[in-house]
Amino acid sequence: MISTGFDIAIIGLGAVVLLTAALQAGIVLAAVIDLRRSRSRSRHRLWGRVMNSPLAPKVTVLVPAFNEEVTIRESLGGILALTYQNLEVVVVNDGSTDETEAVLIDEFDLVEVHNIYQSVLPTEDIVRLYRSRLDPRLVVAHKLNGGKADALNAALNLATGSLVCAIDADTIITPDSLQKLVAAFVDDPGVVAAGGSVRLTNGGLERGPHGLRPSFPKQVWAACQVVEYTRAFLIGRLGWNQLGGNLIVSGAFGVFRRDKVIEAAGYLKGCMGEDMELIVRLRRYGYENGTPAKVVFNADPIAWTEAPERLSELRQQRNRWYRGLLDVLSRHRRMILRPKYRTAGLIALPYFVLVEALAPVVEAVGFVTLLVGLVLGQVTSGQLLFIASTYGIGLMVSMVVLLLDDVAFGMLTDIRTRFRMVAIAILEHVVFRPLTIWWRLGGLVFYAQGRSDWGVQVRRGFGPNSMPGSPLPKL
Amino acid sequence: MTLFAIVQFIFFATAVAFCVVGAWASGKRLRRQKRRALAYHHASSIILDAGTDLDAASRDLARVPIPLLAEVLQQLAADTTGEARRRLRVVAQHAGLTRRIERLSRRRTWHRRAQAAHLLMLLPSGALERDLLLRDSHPMVRARAIESVSTLGIATFVDLFLEALSDESPAVRSAAQHALSRGDIGCVTAIVEALHRAELGELDPEVTVLITEIAAELPDPRLAESLLGFASHDDPRLRRLVAVSLGGRAFANGSASLATLLIDDEADVRAEAAKAIGSGQFTDLAPSLGRMLGDEHWQVRREAGSALAQLGPAGRIVLRCHLDDRDSFASDMARHMLGESSGLASISRLRLLVP
């Protein structure tokens, strides 16, 4: 009787893992097609001279900052070094308790100006408004703390560009990234949001044959996240891009049509996954009003960000992300399996429910079942092999994604790093992933309790040579 | 067992491919990068050094694989003009690149034709392929072709660019608009003519906006004169562009139009007019600008305050008059601006603050 129960549990677990792997394999295939098409398209796009013209659409870069004294100087330096001509930068210091405001005043020679702006979206009060004497494109607002979404809404109120680009204060982007993303809006007026890929810079950046290139981090958790991010961006963005079901534009780097964001009431305050929520809402709003919103992903424009390295910070981050996902899925549950919302409602959201939201629960149940089975001696070698095979498929997907990323972007050069990356891919699957499942289960508990704390990430800075405008070691 | 073996095999195969094939491909990429740099150096020395024997040098370059050579010459073509461009064309012809462009321009796949469009400036004038690509069915190809021929001189293709402004694809329209915005004297006449036709309502409203945007960007005074006709146009976008145009250049006849635009129904137009008064130093409009300090729209008030600070003594007098204004914002703004603009040094500093 017990044996039959274990058989069913293990087969059930295997079936879920297999289904997930099959879905992911399908999305990887879509990602390969999209990669081919987008690379050919981006090669011929007018992001060069035309996007550098003063007639190109005005873009306001929105930079929400909370306790970013360590990274704000470099990330803003990177943003102001962008080669895009028609640019404005709005930094919103969201009531930082550290020296962020002082660093900004000192570094960019800020002078306080009359605090006047149009409050289209309700936000916490802006206490002081500054303009830079070094760069007139820079506007800095110091406001009462209200969270990231509130800071972004305040920046949207201050923005004057027809397009807005949301960038995290701990993110740096390559100088021509913006042109490449804005080109999508020029090509197609139906596009309401465009995202670029985000990569990790924990190992530092160096100049490679194709521009900036990350060094593979030595710290093991950061290295695991490199593999994880690569997989997430290739599957979660490129694949969905091809299938027309893109639901995420990373909060770290994305461009939006300002009027559409304001029409949809801006970022949702109090939502943990405000970036995903905005995209889902824009799509929902578009479908409901008969003007489907196109969301595109371009793998070429690259933003660099720092991932948490301490387990405690990682736990908080994953816990928050998972709560964010559950929050978004719960808020937009009415879209799920409704033909009216096309790919987003029929495929993408059910995928997020099945693979992203339910998987931790199913996998945790599977782990516990397996452990109990092993203790009771009920698990046969055949069943163990079956489980190992199903996990092997996930690992295989990771390897294929790494290979694909390497062929497409050529970020790696030496063979030692490659061997290390294979070892890290295994470690990521065997150790890191179960850990994230555990953290996400914690997120489920927090979500059930209605907790909405963000946690704190200690910033280490990008290192001396990381800024796109600064001299980098030659290859 | 079989499933496990298959999974194991695929995993190891991908891992080996990632390590070995990836490293090999990466090495290949680096070697290609080096070859490209060498070819670029070689080609640029031939093109820029007028004393080099073109025939002999082109034979040398012919040894470089055609796709690589195409890439190098395309980059060089974008940065060269005059004699250097002529030499580049000769090199392209000798190295067999011209034939390749002709072949590419007839390929079925659009990205091949887009490659040809990239290299269009290397073809001799009057080449049939130029027309083919400029009227291609794919918008990317047309946009690329426009961008490419714009490097040959705007005046020659001005009619074509004006026609492309009504293209169905935004990419093509952007390319044409950008090409025209870099225009010289030769193209100003054509733009003035187009503006005249637009004023008579002969052009599509969207095309009119595009042309007006170009005219507002170009510094030629003839364009400002033509644009004044749009100061009372129904479309607020055009009225705003008139203000942009007047703010960007010293144009004496602009005062009357700016005074009208300053009391426009649309806040965007009023704000732009206020900004233009400051940047164009229309000191005679300072009193009108003072009234805008109490405008119902925040952006207009802000621009009016900044513009008055830019106007120097004339602006300061007006600001002082508003210190006791009943409108709390106007008095507050005047106090703020006067506090900031108490000396010449701070006036120039304030100018920096205006975006």
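This section reports on the structure supplied with the text. (Residues numbered from 1 in each chain as written. Chains lettered and ligands numbered in written order. Predicted model: local features only at pLDDT ≥ 70, side-chain atom pairs only at ≥ 80, totals over all residues. Heavy atoms only, no water.)

### A few points about the overall build of chain A
For chain A, the helix and strand inventory stands at 13 helices and 12 strands. For a compact globule of 475 residues, the expected C-alpha radius of gyration is about 23 Å, and chain A comes in at 23 Å, within 12% of that figure. By its C-alpha atoms, chain A is 75 × 50 × 45 Å across when sized along the principal axes. Taken across its 475 residues, chain A has 60% of its residues classed as buried. Carbon and sulfur atoms make up 60% of the accessible area of chain A, which amounts to about 18000 Å² in all. The distance from the centre of the 50 positive side-chain charges to the centre of the 43 negative ones in chain A is 6 Å. (Helix = DSSP H or I, 4+ residues; strand = E, 2+ residues; numbered from the N terminus. Rg over C-alpha atoms; globule rule 2.2 N^0.38 Å. Buried < 20%, exposed > 50% of the residue type's maximum accessible area, 1.4 Å probe, protein only. Areas by Shrake-Rupley, 256 points an atom, 1.4 Å probe, with all protein chains shown as cover. Lys, Arg positive; Asp, Glu negative; His and termini not counted. Charge placed at Lys NZ, Arg CZ, Asp CG, Glu CD.)

### Looking at the interface of chain A and chain B
With 52 residues of chain A at the interface, the matching set in chain B holds 55 residues. In this assembly, chain A and chain B are joined by 0 salt bridges. Taken together, chain A and chain B are joined by 3 residue pairs in polar contact (both at pLDDT 80 or more). Among the secondary structure elements, those contributing two or more residues to the side of chain A that touches chain B are helix H1 (2-44), strand E3 (110-113), strand E4 (126-132), helix H5 (177-187), helix H12 (381-409) and helix H13 (415-449) of chain A. (Contact = heavy atoms within 4.5 Å. Salt bridge = Lys/Arg side-chain N within 4 Å of Asp/Glu carboxyl O. Polar contact = N/O pair within 3.5 Å; in protein donor to acceptor, adjacent residues only side chain to side chain.)

### Overview of the packing of aromatic side chains
Under the criterion given, the structure shown has 10 aromatic pairs over all chains. When the centroid spacing of 5.1 Å and the interplanar angle of 70° are considered together, the rings of Trp240(A) and Tyr351(A) count as edge-to-face. Here the residue Trp240(A) occupies a position in helix H6 (residues 220-243), and Tyr351(A) occupies one in helix H10 (residues 342-357), the gap between them amounting to 111 residues. Plain terms: the ring middles of Phe157(B) and Phe161(B) are 6.2 Å apart, the flat faces sit at 40° to each other, and that makes the pair tilted. In this structure, Phe157(B) and Phe161(B) share a single accessibility class: buried. The structure contains a cluster of three or more aromatic residues connected by ring pairs, namely Trp221(A), Phe432(A) and Trp439(A). Geometry around Phe409(A) places Arg199(A) over its ring, the cationic atom sitting 5.2 Å from the centre. Just above the ring of Phe446(A) sits the side chain of Arg451(A); from NZ or CZ to the centre is 3.8 Å. (Phe/Tyr/Trp six-rings, centres within 6.5 Å; stacked < 30°, edge-to-face > 60°. Lys NZ or Arg CZ within 6 Å of the ring centre and 35° of its normal.)

### Comments concerning the packing of helix H6 (residues 110-118) of chain B against helix H8 (residues 139-149) of chain B
All names here are of chain B. Axis separation between H6 and H8 bottoms out at 8 Å; the angle between their running directions is 5°. When the axes of H6 and H8 are compared, the pair comes out roughly parallel. Between H6 and H8, the contacting residues are Trp110, Arg113, Ala114, Ala117 and His118 on the first element and Met140, Val141, Arg144, Ala145 and Ser148 on the second. Split by residue class, the contact of H6 with H8 holds 6 nonpolar, 2 polar and 2 charged. (Axes fitted to C-alpha atoms, helices over the stretch in contact; angles between N-to-C directions. Parallel < 35°, antiparallel > 145°, perpendicular 65-115°, else oblique. Nonpolar A, V, L, I, M, F, W, Y, C, P; charged D, E, K, R; others polar.)

In short, shape yes, function no, at least from these values alone.
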